[in-house]
Amino acid sequence: MVFFFFNGTETTEIYTLSLHAALPIWPLSTAPAQQFAIGLIDAGLPLTDGLIEFQLRPDGALYVDNAVWRWAGGRLKTQNFLFDPDSERHAFTIEIDDLDLAEIVALSDVDDISATGRLSGRAPVTVTAEGLAITGGWLETAPGGGLLRYAPAVSPAALRQGGEGATLALTVLENFRYESLRIDIDREAGGETEIAVHLRGANADVYDGYPIEFNLNISGPIDQMLRRGLEGYRVPEDRKSVA
């Protein structure tokens with residue numbers, strides 16, 4: 001069930017089944033700073049506790065003053081976004097705040113990996129008929145870093161062919177205490193995602209804890225990997241009543 005909350009002297013709840021009866025004016029429009037709350041929406045990611053402040057204009061355009069969603073223990077937020085149904089291109093920036101890296105890793109399609117830490121950043125997004133694109137997106141960890149552990153039972157073929165350097169990297173990542181982590185993200189509309197990971201830290205059991213830096217570039221259908229991880233996701237019971 002979806003709830004609409006309209007500002008005014010009283011708060012009015014309008015269910016989707018009675019929306020047309022509740023808003024008989026045509027063309028549909030609203031005053032500024034209306035609120036629209038959604039318990040859960042699956043837009044490729046399970047976004048919860050959505051709160052959108054908006055204005056529906058008489059020309060059919062939707063102006064979003066502010067939209068906030070919860071995901072992976074943090075928040076996704078966008079502001080000052082105009083959605084014009086007649087436009088072929090929509091651009092907005094998602095501000096990313098305090099995501100839990102452990103939750104994100106748990107959703108991935110990679111086995112035998114765990115991580116701790118909090119991530120914040122931003123993602124400039126463009127949506128066209130070709131799909132969704134991200135240009136210059138980035139995430140960084142909060143001060144204090146976190147712990148990354150990757151200990152696959154069987155090393156990936158690419159790493160097995162990497163020689164001593166790859167073997168050393170796997171050893172280091174078995175218990176890597178990182179002090180900084182940055183992820184840069186670019187995605188072509190309808191194409192592949194490119195991710196560049198910069199990681200700095202140490203493993204106390206390797207080289208007496210001498211600082212080590214990793215630079216890793218990944219490209220491919222990363223979103224498909226994430227979707228496979230989400231196949232086992234279950235909507236929390238307390239969200240089902242408002243979804």
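Criteria and thresholds
For every chain, the first residue of the written sequence is number 1, and numbering continues from 1 onward in sequence order. The predicted origin of the model limits local features to residues at a pLDDT of at least 70 and limits the giving and counting of side-chain atom pairs to 80 or more, whereas totals for whole chains, interfaces and linings rest on all residues. Excluded from the side-chain calculations are hydrogens and water; all other atoms, namely the structure's heavy atoms, are used. Secondary structure elements follow DSSP: runs of H or I no shorter than four residues count as helices, runs of E no shorter than two count as strands, and numbering proceeds from the N terminus. The buried label applies to any residue whose accessible area, calculated with a 1.4 Å probe on protein chains only, is under 20% of its type's maximum; exposed applies above 50%, and partly exposed to all values in between. Any two residues whose heavy atoms approach within 4.5 Å are treated as being in contact. Here the open area of atoms and residues is found with the Shrake-Rupley method and a 1.4 Å probe, where only the protein chains shown may cover a residue. Ring pairs are drawn from Phe, Tyr and Trp, using the six-membered ring of Trp, whenever the two centres fall within 6.5 Å, and their geometry is named by plane angle: stacked under 30 degrees, edge-to-face over 60, tilted for the rest. The definition of a nonpolar core used throughout is a set of buried Ala, Val, Leu, Ile, Met, Phe, Trp, Tyr and Cys residues joined through side-chain atoms within 4.5 Å. When a carboxyl oxygen of Asp or Glu is within 4 Å of a side-chain nitrogen of Lys or Arg, the pair counts as a salt bridge. Strands are labelled as partners when DSSP assigns at least two bridges between them. Counting of polar contacts relies on pairs of N or O atoms within 3.5 Å, with two restrictions inside protein: one atom must be capable of donating a hydrogen and the other of accepting it, and residues adjacent in sequence are counted only when both atoms are side-chain atoms. Summary of the metric used: pLDDT quantifies the predictor's per-residue confidence within the range 0 to 100. Residues enter patches when they are more than 30% accessible in relative terms and free of salt bridges; like-charged ones are connected within 9 Å and nonpolar ones (Val, Leu, Ile, Met, Phe, Trp, Tyr) within 5 Å.

*Asks:* Outline the overall build of the protein, supporting the account with residue identities and numerical values.
*Replies:* From N to C terminus, the protein includes 6 helices and 14 strands. Here the protein holds 243 residues, and the buried ones make up 33% of them. Across the protein, every contact between residues at least 6 apart in sequence was considered, and the portion connecting residues at least 24 apart equals 49%. Roughly 14600 Å² of accessible area belongs to the protein as shown, and the carbon and sulfur atoms make up 54% of that amount.

*Asks:* Describe the packing of aromatic side chains, naming the residues involved and giving the relevant values.
*Replies:* Per the stated rule, a full pass over the model turns up 2 aromatic pairs. Aromatic side chains phenylalanine 81 and phenylalanine 92 sit 4.8 Å apart centroid to centroid with 50° between the ring planes, which places their arrangement in the tilted category. Of this pair, phenylalanine 81 sits in strand S6 (residues 74-83) while phenylalanine 92 sits in strand S7 (residues 90-100), and the two are 11 residues apart along the sequence. Arranged with centres 5.5 Å apart and planes meeting at 80°, the rings of phenylalanine 176 and phenylalanine 214 form a pair that is edge-to-face.

*Asks:* Tell me about the nonpolar core, residues and numbers included.
*Replies:* Within the largest apolar cluster, 41 residues are counted, with the highest numbers of intra-cluster contacts made by Trp71, Leu99, Phe176, Leu181 and Leu199. Residue contributions to this core peak at 5 residues, all from strand S12 (residues 176-187). Once residues lying within four places of it in the same chain are set aside, the contact partners of leucine 199 are Leu148, Leu173, Phe176, Tyr178, Ser180, Leu181, Ile212, Glu213 and Phe214.

*Asks:* Could you give an account of the pattern of salt bridges, with specific residues and numbers?
*Replies:* For the coordinates displayed, the defined rule picks out 8 salt bridges. In this structure, the salt-bridge partner of arginine 118 is aspartate 100, at a minimum N-O distance of 3.6 Å. Here arginine 118, found in strand S9 (residues 118-128), pairs with aspartate 100, found in strand S7; they are 18 residues apart in sequence, far enough to count as distant. Taking relative accessible area as the criterion, arginine 118 reaches 29% and is therefore assigned partly exposed. According to the relative accessible area criterion, aspartate 100 is buried, its value standing at 16%. Arginine 200 is the salt-bridge partner of glutamate 213, the closest N and O atoms lying 2.8 Å from each other.

*Asks:* Can you break down the pairing of S9 residue by residue, with the values?
*Replies:* Where S7 meets S9, 9 bridges bridge the pair, whose relative direction is antiparallel. Bridge assignment links alanine 91 to a residue of S9, and that residue is threonine 126. Looking at chain direction, S9 and strand S10 (residues 131-141) are connected through 8 bridges and run antiparallel. Bridged to arginine 122 within S10 is tryptophan 138. In this antiparallel pair of consecutive strands, S9 and S10, the connection spans 2 residues.

*Asks:* Explain the side chain of arginine 187 to me, and be specific about the residues and the numbers.
*Replies:* One can find arginine 187 in strand S12. The buried category is assigned to arginine 187, whose relative accessible area is 16%. A polar atom in the side chain of arginine 187 sits 2.6 Å from the backbone oxygen of leucine 132.

*Asks:* Describe the confidence of the model for the protein, listing the residues and the values that go with them.
*Replies:* Counting all residues, the mean pLDDT for the protein is 78, and 74% of those residues have values of 70 or more. Low pLDDT, under 50, characterises residues 1-24; the stretch is placed with 42 contacts to residues that sit more than four places away or in other chains. Note on residues 228-243: pLDDT under 50 across the span, and 20 contacts to partners over four residues away in sequence or across chains.

*Asks:* Break down the environment of aspartate 86 for me, with residues and values.
*Replies:* Mapping aspartate 86 onto the fold places it in the loop between S6 and S7. Classification of aspartate 86 by relative accessible area gives exposed; the value is 67%.

*Asks:* Describe the environment of alanine 196, naming the residues involved and giving the relevant values.
*Replies:* Structurally, alanine 196 can be placed in strand S13 (residues 193-202). Expressed as a C-alpha distance, the spacing of alanine 196 and isoleucine 218, which sit 22 residues apart in the sequence, is 6.3 Å. Discounting chain neighbours no more than four positions away, the residues touching alanine 196 are Arg182, Ile183, Asp184, Leu216 and Asn217.

*Asks:* How would you explain a nonpolar patch on the surface if you had to name every residue and give the values?
*Replies:* Taken together, the side chains of Leu168, Tyr207 and Tyr210 define a hydrophobic patch exposed on the protein surface, amounting to about 370 Å² of accessible area. Among the secondary structure elements, tyrosine 207 is positioned in the loop between S13 and strand S14 (212-220).

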